[in-house]
Amino acid sequence: AQRVTQPEKLLSVFKGAPVELKCNYSYSGSPELFWYVQYSRQRLQLLLRHISRESIKGFTADLNKGETSFHLKKPFAQEEDSAMYYCALPFANDYKLSFGAGTTVTVRA
Amino acid sequence: NAGVTQTPKFRILKIGQSMTLQCTQDMNHNYMYWYRQDPGMGLKLIYYSVGAGITDKGEVPNGYNVSRSTTEDFPLRLELAAPSQTSVYFCASSYFGTGYSYEQYFGPGTRLTVT
């Protein structure tokens, strides 16, 4: 069965330091993976998806099929990056998304 | 487009009361979802719908009901509110079909407190 694991519940970094949010998945086939972000008391919004291979707000995420990972990275964290981040992938042969438990990132000045 | 809208934004209920959380989307999406987000926790799927007249249970459906009479609207009904239903509720929608993406679009959420 598909599953998304975000091992870190909380992540605290200093401004200007690199930040990496881990996401591991189990899925049979080639998944479409997403990172969603939720700023304080706001709606979830799509940050990026692996198929577009884009960098949004300085974040990138590389799909590593060998390690079944889709870690989110940013070389220089900013205070406005403080938010909750969710990794998500579709259920197998289904349209519903399975979300990880989320990682709360705090960027300190 | 307004996207996905939800009302109300906040609500306090007494134990045993009932209420309906409203959700509307104007993107002509066929699929709609209700999630709850408990403090410090992730998202749990309550109910979902693949089109007007079709709904199905998610992970945590107990204590809730839904209906989907139109493509645009997907209200969530809480019957006999309990403190365990204190949460933030998010509605989402997506399009599944030719050229589909699994991306879901979320509403701003309803913060519900049951006391």
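Draft legend 1. Focus on the confidence of the model for chain B. Scored by pLDDT, chain B has a mean of 93; 97% of the residues are at 70 or more. The least confident element of chain B, judged by mean pLDDT, is strand β5 (residues 43-51) of chain B at 93; the most confident is strand β3 (residues 19-25) of chain B at 98.

Draft legend 2. The arrangement of the pattern of salt bridges in detail. Applying the stated criterion across every chain, the model contains seven salt bridges over all chains. Across the pair Glu103(B) and Arg49(A) runs a salt bridge, and its minimum N-O distance is 2.4 Å. Of the two residues, Glu103(B) is situated in the loop between β9 (87-94) and β10 (105-106) and Arg49(A) in strand β6 (residues 45-49); the pairing between them involves two chains. Note on Glu103(B): relative accessible area 10%, which makes it buried. What makes Arg49(A) buried here is its relative accessible area of 18%. Between Arg36(B) and Asp38(B) there is a salt bridge whose closest N-O contact spans 2.8 Å. Taking the relative accessible area as the measure of exposure, Arg36(B) reaches 10% and is therefore buried. Taken together, the shared-partner salt bridges connect Glu8(A), Glu20(A), Lys22(A) and Lys73(A) into one network.

Draft legend 3. Quick peek at the side chain of His50(A). Residues and elements named next belong to chain A. Mapped onto the elements, His-50 comes out in the loop between β6 and β7 (60-64). Here His-50 falls in the buried class, since its relative accessible area comes to 15%. Within the local environment of His-50, its side chain forms a polar contact with the backbone nitrogen of Leu-33, the two atoms lying 3.0 Å apart. Sequence-distant contacts of His-50, defined by excluding residues within four places in its chain, comprise Pro-31, Glu-32, Leu-33, Leu-63 and Phe-70.

Draft legend 4. Structural context of the interface of chain A and chain B. Across the boundary between the two partners, chain A contributes 21 residues, which contact 22 residues of chain B. Regarding the contact of chain A and chain B, the summed buried area is about 1,900 Å², with carbon and sulfur atoms giving 56% of it. Here chain A is connected to chain B by one salt bridge. Linking chain A with chain B are seven residue pairs in polar contact (both at pLDDT 80 or more), by the criterion used here.

Draft legend 5. Region of interest: the sheet that holds strand β1 (residues 4-7) of chain B. All names here are of chain B. Taken in spatial order, the four strands of this open sheet run β1-β3-β8-β7, and their pairing is antiparallel. Unpaired on one side and paired on the other, β1 and β7 (64-66) mark the two borders of the sheet. Taken pair by pair, the neighbouring strands of this sheet meet at an average axis angle of 20°, ignoring direction.

Draft legend 6. Examining the packing of aromatic side chains more closely. Per the counting criterion, the structure on display carries 11 aromatic pairs over all chains. Seen in terms of ring centroids, Phe59(A) and Tyr85(A) are 5.6 Å apart; in terms of plane orientation they differ by 50°. Their pairing is tilted. On the criterion of sequence distance, the pair formed by Phe59(A) in the loop between β6 and β7 and Tyr85(A) in strand β9 (residues 83-90) is long-range, its members being 26 residues apart. For Phe59(A), a relative accessible area of 1% gives the class buried. Tyr85(A) sits in the buried class, given a relative accessible area of 0%. Through successive ring pairs, a cluster of aromatic residues spans Phe34(A), Tyr36(A), Tyr86(A), Phe99(A), Tyr33(B), Tyr35(B), Phe90(B) and Phe106(B). The ring of Phe14(A) has Arg108(A) lying over it, and the distance from NZ or CZ to the ring centre is 4.3 Å.

Draft legend 7. Examining the nonpolar core more closely. In this structure, Trp35(A), Leu72(A) and Tyr85(A) are the most contacted members of the largest nonpolar core, which totals 24 residues. Counting residues per element, the ones that place at least two in this core are β2 (10-14), β3 (19-21), β5 (34-38), β6, β8 (69-74), β9 and β11 (103-108) of chain A. In terms of residues, this core owes the most to one element, β9(A), which gives four residues. Setting aside residues up to four positions removed in sequence, Leu72(A) forms contacts with Val19(A), Glu20(A), Leu21(A), Trp35(A), Leu47(A), Leu48(A), Phe59(A), Thr60(A), Ala61(A) and Tyr85(A). In terms of nonpolar packing, the next biggest core, distinct from the first, is built from 20 residues, Phe34(A), Tyr48(B), Val88(B) and Phe106(B) among them.

Reading the values: the criteria
- All chains use their own residue numbering, which begins from 1 and follows the written sequence.
- A letter from A marks each chain and a number from 1 marks each ligand, given out in the order of writing.
- With pLDDT at 70 or above as the cut-off, local features in this predicted model cover only qualifying residues; side-chain atom pairs require 80 or more to be listed or tallied, and sums for whole chains, interfaces and linings still use all residues.
- Side-chain metrics rest on all non-hydrogen atoms present in the structure, leaving aside hydrogens and water.
- The quantity known as pLDDT measures the predictor's confidence residue by residue, on a range of 0 to 100.
- Runs of E in the DSSP output that reach at least two residues are strands. Runs of H or I that reach at least four are helices, and both are numbered from the N terminus.
- We define a salt bridge as a side-chain nitrogen of Lys or Arg found within 4 Å of a carboxyl oxygen belonging to Asp or Glu.
- In this scheme, a residue with accessible area under 20% of its type's maximum is buried, one over 50% is exposed, and one in between is partly exposed, where area comes from a 1.4 Å probe on protein chains only.
- Polar contacts, as counted here, are pairs of nitrogen or oxygen atoms within 3.5 Å of one another; within protein the pair requires one atom able to donate a hydrogen and one able to accept it, and residues that are adjacent in sequence qualify only if both atoms are side-chain atoms.
- Residue contacts follow a heavy-atom distance rule, with two residues in contact if any of their heavy atoms lie within 4.5 Å.
- Summed over both partners, the accessible area lost on bringing two parts together, with a 1.4 Å probe, is the buried area.
- Two strands pair under a simple rule: DSSP has to find at least two bridges between them.
- Whenever a helix is involved, its axis is fitted only over the stretch in contact; in every case the axis is a line through C-alpha atoms, and angles between N-to-C directions fall within 0 to 180 degrees.
- In this scheme Phe, Tyr and Trp rings, the latter by its six-membered ring, pair at centre separations within 6.5 Å, and the angle between planes marks the pair as stacked below 30 degrees, edge-to-face above 60, and tilted otherwise.
- Two conditions define a charge sitting above a ring: the NZ of Lys or the CZ of Arg must be within 6 Å of the ring centre, and it must be within 35 degrees of the ring normal.
- By convention a nonpolar core is built from buried Ala, Val, Leu, Ile, Met, Phe, Trp, Tyr and Cys residues, the set being connected through side-chain atoms within 4.5 Å.

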